[in-house]
Amino acid sequence: MTAWLGSEEWQAVALSLRVAAVATLVSLPFGVAMAILLARGRFWGRGLLNGLVHLPLVLPPVVTGYLLLVTLGRTAPLGRVLEDWFGLVFAFRWTGAALAAAVMAFPLMVRSIRLSVEAVDPGLEAAAGTLGANRLRVFGTVTLPLIAPGILAGCVLAFAKAMGEFGATITFVSNIPGETQTLPTAIYAFLQVPGGEGSALRLVAVSVAISVGAVLLSEAISVRLARRVAGR
Amino acid sequence: MTLKVRIRHALGAFTLDAAFEAPGGVTALFGRSGAGKTTIAHAVAGLIRPEDARIEVAGRVLTDTSLRLHVPPHRRRIGYVFQDGRLFPHMSVAQNLGYARRARPAERARVVEMLGIGHLLPRRPGGLSGGEKQRVAIGRALLSRPDLLVMDEPLAALDEARKAEILPWLERLKGEGGVPILYVSHSVPEVARLATTVVALGGGRVIAAGPAERILADPRLAPVLGLREAGAVLTGIIAAQAEDGLTEIDVPGGRLVLPRIAGAIGMHVRIRIAASDVILSRARPEGLSALNILPARVSEIHMGDGPGVMVALETGGTPLLARITRRSANALNLAPGESCHAVVKSVSVAQGDVGTVPAAVKDAGRAG
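Residues numbered from 1 in each chain as written. Chains lettered and ligands numbered in written order. Predicted model: local features only at pLDDT ≥ 70, side-chain atom pairs only at ≥ 80, totals over all residues.

- Naming follows an unreviewed UniProt entry, where chain B appears as Molybdenum ABC transporter ATP-binding protein of Tropicimonas omnivorans.

- Named according to an unreviewed UniProt entry, chain A is Molybdenum transport system permease originating from Tropicimonas omnivorans.
- If you open the UniProt record of chain A and go to Function (unreviewed entry), you find "Part of the binding-protein-dependent transport system for molybdenum; probably responsible for the translocation of the substrate across the membrane."
- Under the heading Sequence similarities (unreviewed entry), UniProt records this for chain A: "Belongs to the binding-protein-dependent transport system permease family. CysTW subfamily." (UniProt positions renumbered as here; feature names shortened; annotations may be inferred.)

Quick notes on the overall build of chain B
At step 1: Summing up its helical and strand segments, chain B has ten helices and 21 strands in all.
At step 2: Over its C-alpha trace chain B gives a radius of gyration of 22 Å, about what one expects of a compact globule, namely 21 Å for 368 residues.
At step 3: Projected onto the principal axes, the alpha-carbon positions of chain B cover approximately 65 × 50 × 35 Å.
At step 4: Contacts in chain B between residues far apart in sequence, at least 24 positions, make up 68% of those at least 6 positions apart. (Helix = DSSP H or I, 4+ residues; strand = E, 2+ residues; numbered from the N terminus. Rg over C-alpha atoms; globule rule 2.2 N^0.38 Å. Contact = placed C-beta atoms within 7 Å.)

With respect to the sheet that holds strand β1 (residues 3-11) of chain B
Residue and element names in this part refer to chain B.
At step 1: A sheet is described by the order of its strands in space; here five strands give the open sequence β2-β1-β4-β5-β6, paired in antiparallel fashion. Of all strands in the sheet, those with a lone pairing partner are β2 (14-22) and β6 (69-70), marking the two edges.
At step 2: Relative to β6, strand β5 (residues 60-64) runs antiparallel, the two sharing two bridges. By the bridge assignment, Thr63 is partnered in β6 with His70.
At step 3: Sheet contacts for helix α1 (residues 37-45): β1, β2, β4 (52-57) and β5; angle to β1, the most-contacted strand, approximately 120°. (Pairing = 2+ DSSP bridges. Axes fitted to C-alpha atoms, helices over the stretch in contact; angles between N-to-C directions.)

Some points on the pairing of strand β19 (residues 318-325) of chain B
Residues and elements named next belong to chain B.
At step 1: Across the eight residues of β19, seven count as buried, placing the element largely inside the fold.
At step 2: Pairing geometry for strand β18 (residues 308-315) and β19, over eight bridges, is antiparallel. If you follow Gly308 over to β19, its bridge partner there is Thr325.
At step 3: Taken together, β18 and the strand that follows it, β19, pair antiparallel across an intervening segment of two residues, in which Gly316 is found at a positive phi of about 60°. (Buried ≥ 20, exposed ≤ 12 C-beta atoms within 10 Å, placed from the backbone.)

Quick look at α1(B)
At step 1: Across the nine residues that make up α1(B), a large majority, eight, are buried.
At step 2: Within α1(B), burial applies to Lys37(B), Thr39(B), Ile40(B), Ala41(B), His42(B), Ala43(B), Val44(B) and Ala45(B).

Details of the interface of chain B and chain A
At step 1: On the chain A side, the residues contacting the 21 residues of chain B number 18 residues.
At step 2: For the side of chain B that touches chain A, the per-class residue count stands at eleven nonpolar, six polar and four charged. (Nonpolar A, V, L, I, M, F, W, Y, C, P; charged D, E, K, R; others polar.)

A few points about the nonpolar core
At step 1: One finds Ala101(A) and Val198(B) to be the most contacted residues of the largest nonpolar core, which totals 167 residues.
At step 2: For this core, the leading source of residues is helix α5 (residues 94-119) of chain A, giving 15 residues.
At step 3: Filtering out sequence-adjacent residues up to four positions away, Val198(B) remains in contact with Ala28(B), Phe30(B), Val191(B), Ala209(B), Gly210(B), Ala212(B), Ile215(B) and Leu216(B). (Core = buried A, V, L, I, M, F, W, Y, C linked by C-beta atoms within 7 Å.)

Section: the pairing of strand β10 (residues 197-202) of chain B
All names here are of chain B.
At step 1: When you tally the buried positions in β10, you get five out of six residues, the bulk of the element.
At step 2: Inspection of the sheet shows strand β3 (residues 26-30) paired to β10 by four bridges, in the parallel sense. Bridge pairing links Leu29 to Val199 in β10.
At step 3: Examined bridge by bridge, β10 and strand β11 (residues 205-211) share six bridges and lie antiparallel to one another. Pairing of Gly202 across the sheet is with Arg205, part of β11.
At step 4: Hairpin geometry of β10 and β11 is characterised by an intervening segment of two residues between the two adjacent antiparallel strands and by a positive phi of about 55° at Gly203.

Below, the structure written as structure tokens:
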């Protein structure tokens, strides 16, 4: 594969995989928490929070990228606090690409997990309580296994979205080969230069292969999980 | 007293306001749907927070709203068998049974054997029949080693055949489980078969509470229980297994002959005799096809709105109920204190209403 792909092309593929994986895994705990909060929580401002979570889905990605730039850029107050206190820099780094991808993918992940949380019978959790399980154990042994198919589906969706993210990424972290150039931005860049069609085409093929592979894998796992949850 | 409950709780327009105490054994929380039974059961298990309540189980105060005390469900040690079983679908039967992690292997083996679920252990709940699911649910609750087992209409979701299949297991549990049970039900036959104590609820209030034999034979409660369902419960001992397919049973007032009941001579049985299956006669009847004639004394006559009356009788110190027409009651000149004979057609005692009573529970019931 390395021989078939040029080094710059290979770099973009590897970076894309890393960005999408990090974006998915880091946002997963937040996604699960948010899904449960939105599915089960009864509090003032729930509708507002729901809207906020879904905002990246309806905003133009360029707008989301720009908002990230003005809040987390190195000169922005929040960006400076993160850099000074935690050594975290997002602007024009691959971490920023991951953040942009995570923000864009978050609504898809939350939506998918939330549906599965709403399908869990709270009676099963109550039953676990009467058997002496505290809330943490109920979550770990009953809720989590039952929403596992939804979590998996959410992860696949988020991963796919993160792989394909373009607008917010290029706005927030630009298109720096080796640092922030992901598959879509690399394809875009190759199309801008004469003679780049070959590279672009190879990346398109890789992109299709990864997407199809992810869908097939998730399908296989979700069939097994669904059978487990159905109790057969 | 094993269980002490006082609860006041409003649910929309409905207000539950009930208080009762129950000894060990099986306490039936009896009433029609909407009487507040499940609300009480949920409050006992801590699944709801009642507005004003005090609940004590086996000497432990679990809820006391005046002290702002509400022990969470997982620390109450109340086993709960739900109407719909609520087995964890993603676990095997064995994993469901072991979920509470409190029972020792020997105890687990005993419960599995008692409920006859050994062959189901590796299976998933999705493939079990309704009756099997309920037996597993009962086992799972028992293995949490509860101070009290709450059973919320455990048979209501099952058809008649499954009920008949599971009732003997419940009787066995009552005898061998050693755990006090709060049994929520609207079915008179189930209550008659299982309960040692009955708490009758109506419209969110306790209408009557006391030993099952007395409550089920109380003529004033017949309208609440349902006239067709009303009937007394007699406890007897199998005296003989005749060769013509009949079983003779000694009850306090005499001897009953019933269609074959499986059981050894000397075994205790509970027999429910529906009030509408009892005929009254002033003189001892002769030349009658009915085999069962018990001498009795009228203790109370309860007039209803319709043409029928409910006559409470006493035979050998235990109560019996007869439902006859007002006209017959007048013709026979029945009045409290008068003696008469109660005639029970042998074929009218349904097999399903005959339950076995392990001796230990019977004694406990008497003591309570």
